[in-house]
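# Analysis of the macromolecular model
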Amino acid sequence: MIVLGVESSCDETGLALYDTQRGLLSHALYSQVAMHEQYGGVVPELASRDHIRRAIPLLQQVLAESGIEHHDIDAIAYTQGPGLAGALLVGASIACGLGLALDKPMLGVHHLEGHLLSPLLASDPPEFPFVSLLVSGGHTQLMRVDGVGQYTMLGETLDDAAGEAFDKSAKLLGLGYPGGPAISRLAEFGDPSAYQLPRPMLHSKNLDFSFSGLKTAVLTLVKNHPAAMGEQDKANIARCFVDALVDVLLAKCLSALRHTGLKRLVIAGGVGANQQLRSALNAAAVKRRFRVYYPELEFCTDNGAMIAFAAAMRLQIKPEAAQRDYGFNVRPRWPLNELGI
């Protein structure tokens, strides 16, 4: 079965072809970061219009790279939600229009399921069951994953996601957008003992998160700085911020492993590319004797490969899930616990 995946939930346009026998055949991605950078964040209307411009050239690219013809595709999958409504509508309309033209069945995919399953695309994939930390710009959640469509929520953020805290704190330091990579690079030059920043909910008796207080602490430091802030001061704040956030994520992951009794931890989502987080998790894994898995770096951010793959996994279990129904709707808000198999 060859599945075409279309991803357009936010500011990346991704298309990919996945074959259940041969694996990932090709994928192409266009990031809108440069366009949104001047605004300090994603502008939904601009994002939607850019998806329109990019989708068909990317489709032509993945077909050319894979050697697959249109008629070879068995099913077409698209991100149905969650995400920006306008951006989702672009991907859904292009996918369903293509499905209608080619007489191919369609399947809407949950964006977060794509992230959850993306580590299975790696050369050394984890086996079910495992604990997953989904940590991205809009989501921070801990889940038990027993199989495709079998997800149990263990804990989630009560306010800002980790990625949002990265971006907002970076903006306070004048680092621009996207803030996560910039603040992580700057943190490498900072003094970890320069400031004492809070670790929200570090010792709570549950697996939930909260990062708005940490972001507010950075704001207070910046506002109360006695003089013009130099690069070393920014680096010190960045280091203390990153250390605090990583401490919380690490502690919650360890608690989730103890709670479930599992020995496999999977990290998914854009913040999973953060080197400080990876270093802390790898050190803990050696000490506490569990395995930690990550997606390939190219699949940490939003991409079409994870959508094609998630759809292919579902269709192997339930082939009739793909339908020749070319009317579509999108779900900008779509709780993962509403997703079955």
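Residues numbered from 1 in each chain as written. Predicted model: local features only at pLDDT ≥ 70, side-chain atom pairs only at ≥ 80, totals over all residues. Heavy atoms only, no water.

## Some points on the sheet that holds strand β4 (residues 75-81)
Here five strands make up an open sheet; going across it, the order is β3-β2-β1-β4-β5 and the pairing mixed. Pairing within the sheet leaves two strands with one partner each, and these edge strands are β3 (23-31) and β5 (106-110). Going from strand to strand, the sheet's axes swing by 20° on average, the running direction of each strand aside. The pairing of strand β1 (residues 2-7) with strand β2 (residues 12-19) spans six bridges and is classified as antiparallel. Considered in β2, the bridge of G5 is made with A16. Against the sheet, helix α10 (residues 304-317) contacts β1, β2, β3, β4 and β5, and its axis sits at roughly 135° relative to β1. (Pairing = 2+ DSSP bridges. Helix = DSSP H or I, 4+ residues; strand = E, 2+ residues; numbered from the N terminus. Axes fitted to C-alpha atoms, helices over the stretch in contact; angles between N-to-C directions. Contact = heavy atoms within 4.5 Å.)

## Quick word on α10
Here α10 is 14 residues long and its end C-alpha atoms lie 21 Å apart, about the 20 Å a rise of 1.5 Å per residue gives. Considered for burial, the residues of α10 that qualify are G304, A305, M306, I307, A308, F309, A310, A311, A312, M313, R314 and L315. On its buried side, α10 packs onto β1, β2, β3, β4, β5 and α4 (111-117). The distance from a side-chain oxygen at the start of α10 to the backbone nitrogen of A305 is 3.1 Å, and the residue carrying that oxygen is N303. (Expected span 1.5 Å × (residues − 1). Buried < 20%, exposed > 50% of the residue type's maximum accessible area, 1.4 Å probe, protein only. Polar contact = N/O pair within 3.5 Å; in protein donor to acceptor, adjacent residues only side chain to side chain.)

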